[in-house]
Amino acid sequence: MAATTIKEFEQIKLEKEDGIAVLTLHRPDKMNAFTGKMMQEMIAAFDETDKDDDIKVVIVTGSGERAFCAGADLSEGAKTFDYDARASSGEAGRTDKTDIQRDGGGRVTLRIFESLKPVIGAINGAAVGIGVTMQLPMDIRIASDNARFGFVFNKRGINPEAASSWFLPRLVGISKALEWCYTGRVFPAAEALSGGLVSEVVPQADLMSRARELAREIADNTAPVSNAVTRHMMWRMLGAEHPMEAHIVDSASIYERGQSADAKEGVMSFLEKRPAKYEGSVSKDMPTFFPWWSDPSFKWISKKGG
C-alpha cells in the first residue's frame, strides 16, 4: 500500500500507510532544526493522528541520515532563546504575553504526552537540545548506530526545557540525567542504549524497517482502545503517590473493557486460533471514565517579592 499524505505542512511531513503514520521532521538543509513553525506543525500533526481511527501507531523520525533534529534553529543569533525579543517577528504560536513565555519545546512534549496512539521514535542521526528532549515522551526510542545525543543546554547558558526535568529522570534515573545535563556533552548511540535512553541501536539502513516492524506488531495484534488506555495508565502513574491509584484505574478499566466487544474478540480469536479483528475505536469507544485526571493549567511563576 502506497503512503498517503494526511495533511500538507511546510517543515514536517505526515504520511500514513496501512495504519501507521510517519511524522518526519523535514528541514534537511538545516539538519531538521526546530523552529516555532515546526512546533505548531508537530502539535497539529498529533491532533490529526489522534482523530484518525485508521492510524494505530505513530513513528517520528528526521529527514536524511545526518540528523534527527539538530536542536533549536540558531539563525536568530543572540536572541535565539529570548522569546520577548523574538515576539515582534510574528513567530508562529506566539500570540500574547503568557504564550510568549511558554517554552515551545514543552508545548510539543506535552502534546506528544497526550497522544492517544503509541509513539515510536526512530532516531536517525544527531539529536541535541530539543532534538533529544522531544523524544522523551515517545514510548519507544530506537536509534541508528550513527545517532548522537546531547543535552547541551547548560553549554548555551540556558537550562533543560521541554519538561525534560520531569521526563528524563524517570526514564534514566536522576544521576544519569544530571550527568548528561551538567556536562552537556554529545554522546554516541551506544551510551544512550546503556543509559536507558533508547531501547535498541540498529544499523542506519535498518532503522525505519525496524521501527515499522515494531509498529506493525502493535497495529496488527492489539486493540487501539486498550493501547490508548495503557499508554496513559503507564505514563500518568509515574507520578502517583501510592499503588492504590493504579489499582483504582486498573479496576475501572478492566470492569468496562471486560464487557466490550474487543474483550470478547480477544478471547474468541485466541480460542479459535485466528488473528483478532478489533473494531473498537479511540474516537467512540474509550471508557466512560477517560480521562480520569485533571491537567494543570500553565501559569507564570511570579518574581520573588512581586
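In what follows, the structure referred to is the one given above.
Right, let's walk through the structure included here. (Residues numbered from 1 in each chain as written. Predicted model: local features only at pLDDT ≥ 70, side-chain atom pairs only at ≥ 80, totals over all residues. Heavy atoms only, no water.)

This next bit is on the overall build of the chain. Along the backbone of the chain there are 12 helices and 11 strands. Counting only residues that meet the buried cut, the chain has 48% of its 306 residues in that class. A fraction of 69% describes how many contacts in the chain between residues 6 or more apart in sequence connect residues 24 or more apart. When the accessible surface of the chain is summed, it comes to about 15,400 Å², and 54% of that surface belongs to carbon and sulfur atoms. (Helix = DSSP H or I, 4+ residues; strand = E, 2+ residues; numbered from the N terminus. Buried < 20%, exposed > 50% of the residue type's maximum accessible area, 1.4 Å probe, protein only. Contact = heavy atoms within 4.5 Å. Areas by Shrake-Rupley, 256 points an atom, 1.4 Å probe, with all protein chains shown as cover.)

For any two helices packed against each other, the geometry comes down to the angle between their axes and how far apart the axes lie. With their axes 9 Å apart at the nearest point, helix H1 (residues 36-51) and helix H4 (residues 104-113) run at an angle of 10° to one another. On the basis of the axis angle, H1 is roughly parallel to H4. Here Met-39, Gln-40, Met-42, Ile-43, Phe-46, Asp-47 and Asp-50 of H1 come into contact with H4, specifically with Gly-104, Arg-107, Val-108, Arg-111 and Ile-112. Considering only residue class, the contact of H1 with H4 consists of 6 nonpolar, 2 polar and 4 charged. (Axes fitted to C-alpha atoms, helices over the stretch in contact; angles between N-to-C directions. Parallel < 35°, antiparallel > 145°, perpendicular 65-115°, else oblique. Nonpolar A, V, L, I, M, F, W, Y, C, P; charged D, E, K, R; others polar.)

It is worth spelling out the packing of helix H6 (residues 164-172) against helix H7 (residues 174-183) at this point. At a closest axis distance of 7 Å, the pairing of H6 and H7 adopts a crossing angle of 125°. Judged by the angle between their axes, H6 and H7 are oblique. Between H6 and H7 lies a crossing whose hand is right-handed. Across the interface between the two elements, Leu-168, Pro-169 and Val-172 from H6 touch Ile-174, Lys-176, Ala-177, Trp-180 and Cys-181 from H7. Of the residues contributing to the contact of H6 with H7, the split by class is 7 nonpolar, no polar and 1 charged. (Left-handed = near helix turned anticlockwise from the far one by under 90°.)

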